[in-house]
Amino acid sequence: MAHLTQRRLENVSGNFYVDSTCIDCDTCRWMTPEVFNRADGQSAVYHQPATETERRRALQALLACPTSSIGTVEKPRDIKEVQQSFPVLVAENVYHCGYHSESSYGAASYLIQRPEGNVLVDSPRFAPPLVKRLEEMGGIRYMYLTHRDDVADHQKFHDHFSCDRILHTDEITSDTREVEIQLTAATPYQLDSDLLIIPVPGHTKGHTVLLYQDKFLFTGDHLAWSDQFNQLIAFRRACWYSWPELTKSMDKLRHYSFEWVLPGHGRRYHADAQTMRHQMDQCLAWMKLN
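It should be emphasised that the depicted structure is a prediction, and the values quoted were computed from it without experimental measurement.

A. Highlighting the pattern of salt bridges. By the definition in use, this model includes 20 salt bridges. A salt bridge links arginine 29 to aspartate 24; the nearest nitrogen and oxygen atoms lie 2.9 Å apart. Note on accessibility: arginine 29 and aspartate 24 belong to one class, buried. The shortest N-O distance in the salt bridge between lysine 215 and glutamate 92 comes to 2.2 Å.

Below, the structure written as structure tokens:
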């Protein structure tokens, strides 16, 4: 819970604030950029919500914050209604789960709602309001984990929903050694007719991405949009395994067709398939220069 006594001086005056426990994960800034921005290495409120829509979005960011670093001077009376808004629809049957986890440094998690069984992409916090909503939406059949960094509360979700977890063997640690489906190949794995898992070593050795319906690409820490560079990028300063391998992986990935980039960290990106291919070409050219 945020504490008013730790309210950052960089916040503008008003009801919403960020306190000094912020870990600069960027969650609130990409979720509600009209309210939050970066100031002196942490997030801060630069504009108090002026409409009911802005206020609701700010409360969603408050709930999603992995360190509970966002607070309000006045207790929000409708917080339970805002809890019910998660998972938040992204497009079609794909949702953002919210409730980011500190153990994954605030990485985003997504839900794919499917008649054949829902897929949870990476792990959010095991928050009771979210768990209840996931139950109402059909539970979880698979819990797909892009890589070792974003597994968070995977065990609690497995125990509650009896879902099969999926992770590449090169990402297995003592915390994930009991994962049900452990991928071993360096080639794509067809989980279902509409679900393709693609190995993309680079950020970590066993990192994979998930392509759904040749439209939605869940990229973990492999690929994201950068407002700073105004293009798709890989994380050069957060490449823990091999930048040359990551570059090779990106080269392979650009031959697939998709319209959405949904990362764990960084900003989402949506464009038609032709524009996306152009963006991927730009990304690869940028990587070869860095």
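B. Up close: the sheet that holds strand β19 (residues 269–270). Strand order in the open sheet made by the 6 strands is β12-β13-β14-β15-β18-β19, with mixed pairing throughout. A single partner strand is all that each edge strand has here, and the edge strands are β12 (189–192) and β19. Taken together, the 5 bridges between strand β13 (residues 195–199) and strand β14 (residues 208–212) define a ladder with antiparallel strand orientation. Pairing of proline 199 across the sheet is with threonine 208, part of β14.

C. Structural view of the packing of helix α4 (residues 128–136) against helix α5 (residues 154–161). α5 packs onto α4 with a crossing angle of 40° between their chain directions and a minimal axis gap of 12 Å. In terms of orientation, α4 lies oblique with respect to α5. Between α4 and α5 lies a crossing whose hand is right-handed. Between α4 and α5, the residues in contact are Val131, Leu134 and Glu135 and Phe157, His160 and Phe161, respectively. Among the residues making up the contact of α4 with α5, the classes are represented as 4 nonpolar, 1 polar and 1 charged.

Rules behind the numbers
Residues numbered from 1 in each chain as written. Predicted model: local features only at pLDDT ≥ 70, side-chain atom pairs only at ≥ 80, totals over all residues. Heavy atoms only, no water. Salt bridge = Lys/Arg side-chain N within 4 Å of Asp/Glu carboxyl O. Buried < 20%, exposed > 50% of the residue type's maximum accessible area, 1.4 Å probe, protein only. Pairing = 2+ DSSP bridges. Helix = DSSP H or I, 4+ residues; strand = E, 2+ residues; numbered from the N terminus. Axes fitted to C-alpha atoms, helices over the stretch in contact; angles between N-to-C directions. Parallel < 35°, antiparallel > 145°, perpendicular 65-115°, else oblique. Left-handed = near helix turned anticlockwise from the far one by under 90°. Contact = heavy atoms within 4.5 Å. Nonpolar A, V, L, I, M, F, W, Y, C, P; charged D, E, K, R; others polar.

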